[in-house]
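Letter by letter, the chains look like this.
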Amino acid sequence: MGEANAIEASLNAKIFNLFALNKAAQVLTSVLDPRSLTGMAVDVATEMGRAKSGALYVAGGPGESYRLAGAKSLDGGSFPSDLGPAAAIVGRAGSLKSRPFLSPIPGRAAQCLIVPVHLGELLVGFFVLLDRVNPEPWSQDDFEVLETLAAHVAVCLQNARLYEKVTEQYEALEVAHARRVQTEKLATMGTLLAGVAHELNNPLSVILGHTAILCQTSRDESLRARAEKIARASERCARIVKNFLAIAREHPPERESVSLRQVVEESVELLAYQLRSDGVEVVMALADDVPALWADPHQLHQVVVNLVSNAHHAMRESSPPRTITVTSRFEPARALVRLEVADTGPGVPPEVRSRIFDPFFTTKPTGEGTGLGLSLCQGIIEGHAGSMWLADSTGPGAVFVIELPVKETPAAVQNRAERELLTAIGGRTNLIIDDEPEILELLVDVLRPDGHEVETAGSGASAMQKLRERIFDLVLSDVRMPELDGAGLYRELEQVRPNLTSRFVFMTGDSLSAETRQFIERAGALSLSKPFSPDEVRRVVRRALERAEHAQR
């Protein structure tokens, strides 16, 4: 009778354990957060093992340290947070596969029950159970239950990790999608800006040209004064258009003599309206002895505009006064030019200072920043052999510092500048091609007083007819025209009059177009960007005529 009772008790215990395992499996399977899962798994293992204390140690990967993932204690005891590689335990667990065994752990004198958590042949962790609630030792039934539980926990841990990875990848995909949308918006904006600039550049060229001629020829002082005001306003409009293009386009790096003062003033002028609207004062303390830099002016514009814009954004929530201070100075001993942009905003928090130049890192709200601005700026400065950093600041606000080396301007540029100071070359026969009649009239008014004979054509087709009938010393052609454009005209001449292709100057307001830039570079021709002034026209005509005459020698 006693033996029958024992068998019945054993069966009841097994049935209870099976029900408990089934219930535990349902609960654990529904949990996909790794941290919550490990905590629940420890609770279940401690309960089913009838232990006072329990813990789960998990390794991040093969050979890595086993760290405490979850713990429970009824008597207030604690477990070490890190068991290291746990070589002795891992070795024994490997030889015994998934079977539980007794072993001490670092920091605990008593024997603990170790329940390996295997995923296939990989030991992903182990339960540690300590101090039975009742004085009876762990039985074979306990081992079987805990072994089954550990196998299920291993699968649940794997599922939770896979879910976590999928979630991270999905979030990364969403971020990448948002960046792609932003990139496409910028590309669309660039295309739109190119079209707007092209339409604005022609009338701006006309205004600039005729006001300059009026200023030079008028004897009426009041009329000349009014013309100078119109000229200054139109020059400002032209600078704003050019600055927008310099920022928006993917401009190939170039090097020329650059005035840092001019770059800063033009960049601030570009943002003047927004700054004034938000009550931001810009103080420019620009030294007069700063030498010219050998740099890409378009890229330096990008850097200064980005820094001033960031400073402006940082001060939006700050109380007045809101001030941006731009300082420059020359350090002859180090042959460096130093530029600082400081603001009176809240500054950069210490916890993000080390990441401020990381690509795609931004402190701006979603949709207001790509996290690329400072990274690109630093890349531009380093591409100029300079350095850029966020200065340590004890006061309010942030201070960004740029240092650029001063290099001697190449002799070729110096010689070119000297040549451009010479008097204009006159007495040549020029053909001007543009579909805008006002541009044709302006260029005629600029070149004829210098002694040039000028003919005009309103399209590529009519220009082709004139080029077949006579020889011209120089051809100034717009790039974008209906029907036969400047590029098409050039390609036709390469076939029928190749000697004329070296005498081309291309005029364009389409400076954003990569196709236009690549065509002009392949042709090796000089270019004149709209809007232009009469002096710019004279300089490029002189250079083109000198080049053509040099090629004939």
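Residues numbered from 1 in each chain as written. Predicted model: local features only at pLDDT ≥ 70, side-chain atom pairs only at ≥ 80, totals over all residues. Heavy atoms only, no water.

### Considering the sheet that holds strand E15 (residues 474-478)
Under the convention used in this document: In this description, strands pair whenever DSSP reports at least two bridges between them. Per the convention used, a helix needs a DSSP run of H or I reaching at least four residues, while a strand needs a run of E reaching at least two, with both numbered from the N terminus. Axis definition: a line fitted to C-alpha atoms, over the contacting stretch in the case of helices. Angles run 0 to 180 degrees between N-to-C directions.
If you walk across this open sheet you meet the five strands as E14-E13-E15-E16-E17, and the pairing is parallel. Strands at the two margins of the open sheet, each flanked by one partner only, are strand E14 (453-457) and strand E17 (526-529). The sheet shows a mean angle of 20° between the axes of neighbouring strands, taken without regard to direction. As paired strands, strand E13 (residues 429-433) and E14 are joined by five bridges and run parallel to one another. Across the sheet, the residue bridging to Leu-431 is Glu-455, located in E14.

### Concerning the side chain of Thr-38
The condition that has to hold: When a residue's accessible area, from a 1.4 Å probe over protein chains only, is under 20% of the maximum for its type it is buried; when over 50% it is exposed; and in between it is partly exposed. Definition of a polar contact: a pair of N or O atoms within 3.5 Å, with one able to donate and the other able to accept a hydrogen when the atoms are protein atoms, and with sequence-neighbouring residues admitted only if both atoms are side-chain atoms. Whether two residues are in contact is decided by their heavy atoms: any pair within 4.5 Å suffices.
Relative to the assigned elements, Thr-38 resides in helix H2 (residues 34-48). Judged by its relative accessible area of 6%, Thr-38 falls in the buried class. At 3.1 Å, the side chain of Thr-38 forms a polar contact with the backbone oxygen of Ala-69. Once you skip the residues sitting within four places of it in the chain, Thr-38 turns out to touch Leu-56, Ala-69 and Leu-157.

### Observations concerning the packing of aromatic side chains
Where we set the bar: Note on aromatic pairs: the rings of Phe, Tyr and Trp (six-membered ring only in Trp) are paired at centre separations within 6.5 Å, and the planes decide the class, stacked below 30 degrees, edge-to-face beyond 60, tilted for the rest.
All told, the structure shown has seven aromatic pairs when counted by the stated rule. Centroid distance Phe-506 to Phe-519: 5.1 Å. Interplanar angle 70°. Geometry classified as edge-to-face. Taken together, the positions of Phe-506 in strand E16 (residues 504-508) and Phe-519 in helix H15 (residues 514-523) put the pair 13 residues apart, joining distant regions of the chain. For Phe-506, a relative accessible area of 0% gives the class buried. Residue class for Phe-519 comes out buried when judged on its relative accessible area of 7%.

### Some details on the sheet that holds strand E9 (residues 322-331)
Strand order across the open sheet formed by five strands is E7-E9-E10-E12-E11, with mixed pairing between neighbours. The open sheet has two free edges, formed respectively by strand E7 (280-286) and strand E11 (387-390), since each of these has just one partner strand. With strand direction ignored, the average angle separating the axes of adjacent strands in the sheet is 10°. Relative to strand E10 (residues 336-343), E9 runs antiparallel, the two being bridged by eight bridges. Residue pairing in the sheet places Thr-327 in a bridge with Glu-340 of E10.

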